[in-house]
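These are the residues of each chain, in order.
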Amino acid sequence: MANARLLNRPEDFKRLGINPDKIEVWEDRRRNNNTAPGNSEWWYFDTILDDGSTAVIQWHTKSGMGVLIQEGDAPGISMKITAPDGTLYQNIFKFETDDTYYGEEQCDLKFGANTFKGDLKNYHIHMETAEGMGADLSLESLAAPYRPGTAYFTFDSDEEFYTWFCVVPKGKVTGTLTYGGKTHQVTGFGYHDHQWFSVIFQEKFNHWVWARQSFEDYSMLVFDMVTNEESGYTRFPIVFIEDKDGRIVFENTHNVACKILDEYHDDDQSDKD
């Protein structure tokens, strides 16, 4: 039965207290305070830097897929840095729940001495150096935040939801990255999104394609999602294009075709150190 839908009706915005005409700063705060099994939330950031390095930093209310089935928060920050020579540095830093803070007005996270704070336009991420890795980065948005409808996709009921909020489709990154025990001045471009959910989303979706590309004058993002058989393989083909001033020049959430022209598969790393 096709029972999945994007919540984008006037009554959906009203029930959730979301402004249909404007994305507001509070929307990037913690949104799911339910700590029951299956519930979680994360703030995702990645950057491609001018020196050829890349970084992904992700803040989780529950770190690791295993804890999704457990009661309570299990906060953590995953960090992955690829150096210009291709060397990969990665770690997951875990924290006690009483050593974390979530601001009420905006994205304002504190996990131990590490912070992630911003207001849709400007963000700052500080990661204390630990085990040879750290970061002190500023992200200045060069685009406008985007959410499809209310950002909520539901399944059998409103209590079963998955979300996607594209906070910074494209931004300017400056600051420092520390890896291999050395600190590097960096510049480049970055991205930030925010997701929260009450289901184990790998069980609710059959597959998805997530891709983005920024040009000099335009930024494009595709998030093409297909639900599982139980939800009727319902497809959500989300595509939007913004101009250099952050104005949406094209948007579609229901009838865009997405065709995979080529595939690439990573090697299985599960048995490797």
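Refer to the structure printed above.
A brief look at the structure comes next. Please read these numbers as outputs of a predicted model, since none were measured by experiment.

### Quick look at empty space enclosed by the protein
Taking a probe equal in size to a water molecule and rolling it over the atoms shows the remaining empty space. Under the defined criterion, the tally for this structure stands at one cavity of 30 Å³ or more. Each pocket or cavity is described by its volume, and for the largest cavity that value is around 40 Å³. In terms of lining, the largest cavity is formed by Pro169, Arg212, Gln213, Ser214, Ser219, Met220, Leu221 and Phe240. Going through the elements one at a time, strand 15 (205–214) and strand 16 (218–227) are the ones with two or more residues in the lining of the largest cavity. Class assignment for the residues of the lining of the largest cavity results in four nonpolar, three polar and one charged.

### Looking at the pattern of salt bridges
Taken as a whole, this structure holds eleven salt bridges when the rule is applied. Sharing partners across several salt bridges, the network here consists of Asp243, Lys244, Asp245 and Arg247.

### What about the pairing of strand 14 (residues 182–197)?
The pairing of strand 2 (residues 40–49) with strand 14 spans ten bridges and is antiparallel. If you follow Asp46 over to strand 14, its bridge partner there is Tyr191. Pairing of strand 13 (residues 165–179) with strand 14 involves twelve bridges; the strand directions are antiparallel. Paired with Cys166 across the strands is Asp193, a residue of strand 14. Hairpin geometry of strand 13 and strand 14 is characterised by an intervening segment of two residues between the two adjacent antiparallel strands and by a positive phi of about 60° at Gly180.

### Thoughts on unusual backbone geometry
Trans is the common state for peptide bonds, and a negative phi is the common state for residues other than glycine. With phi around 80°, Leu120 is a residue other than glycine that occupies positive phi space. Examined against the element boundaries, Leu120 turns out to sit in the loop between strand 8 (114–118) and strand 9 (122–130). A relative accessible area of 10% places Leu120 in the buried class.

### Re the side chain of Thr150
Topologically, Thr150 is positioned in the loop between strand 10 (133–141) and strand 11 (152–154). Among the residues examined, Thr150 registers a relative accessible area of 1% and is labelled buried. At a separation of 2.8 Å, a polar atom in the side chain of Thr150 contacts the main-chain carbonyl oxygen of Leu7. A distance of 3.2 Å separates the side chain of Thr150 from the backbone nitrogen of Tyr152, its partner in a polar contact. Setting aside anything within four residues of it in sequence, one finds Thr150 in contact with Leu7, Asp12, Phe13, Leu16 and Ile18.

### Examining a nonpolar patch on the surface
There is a patch of nonpolar side chains on the surface, built from Phe215, Tyr218, Met220, Val249 and Phe250 and spanning about 460 Å² of accessible area. For the nonpolar patch, the secondary structure elements donating two or more residues are strand 16 and strand 18 (248–252). With respect to the element layout, Val249 can be found in strand 18. Assessed through its relative accessible area of 47%, Val249 is described here as partly exposed.

### Describing the sheet that holds strand 17 (residues 235–243)
Within the open sheet, the four strands sit side by side as 15-16-17-18. Their pairing is antiparallel. The two strands at the open ends of the sheet, each matched to only one other strand, are strand 15 and strand 18. When strand polarity is set aside, the average angle formed by the axes of neighbouring strands in this sheet is 5°. With four bridges connecting them, strand 17 and strand 18 associate as antiparallel partners. The partner of Val239 across the bridge, within strand 18, is Asn252.

Rules used in this analysis
- Residues numbered from 1 in each chain as written.
- Predicted model: local features only at pLDDT ≥ 70, side-chain atom pairs only at ≥ 80, totals over all residues.
- Heavy atoms only, no water.
- 1 Å grid on protein atoms, 1.4 Å probe; cavity = no way out; pocket = protein on both sides within 12 Å on 5 of 7 lines; lining within 4 Å.
- Points joined across faces, edges and corners; volume = space filled by probe spheres on them.
- Helix = DSSP H or I, 4+ residues; strand = E, 2+ residues; numbered from the N terminus.
- Nonpolar A, V, L, I, M, F, W, Y, C, P; charged D, E, K, R; others polar.
- Salt bridge = Lys/Arg side-chain N within 4 Å of Asp/Glu carboxyl O.
- Pairing = 2+ DSSP bridges.
- Buried < 20%, exposed > 50% of the residue type's maximum accessible area, 1.4 Å probe, protein only.
- Polar contact = N/O pair within 3.5 Å; in protein donor to acceptor, adjacent residues only side chain to side chain.
- Contact = heavy atoms within 4.5 Å.
- Patch = residues over 30% accessible without salt bridge, like charges linked within 9 Å, V, L, I, M, F, W, Y side chains within 5 Å.
- Areas by Shrake-Rupley, 256 points an atom, 1.4 Å probe, with all protein chains shown as cover.
- Axes fitted to C-alpha atoms, helices over the stretch in contact; angles between N-to-C directions.

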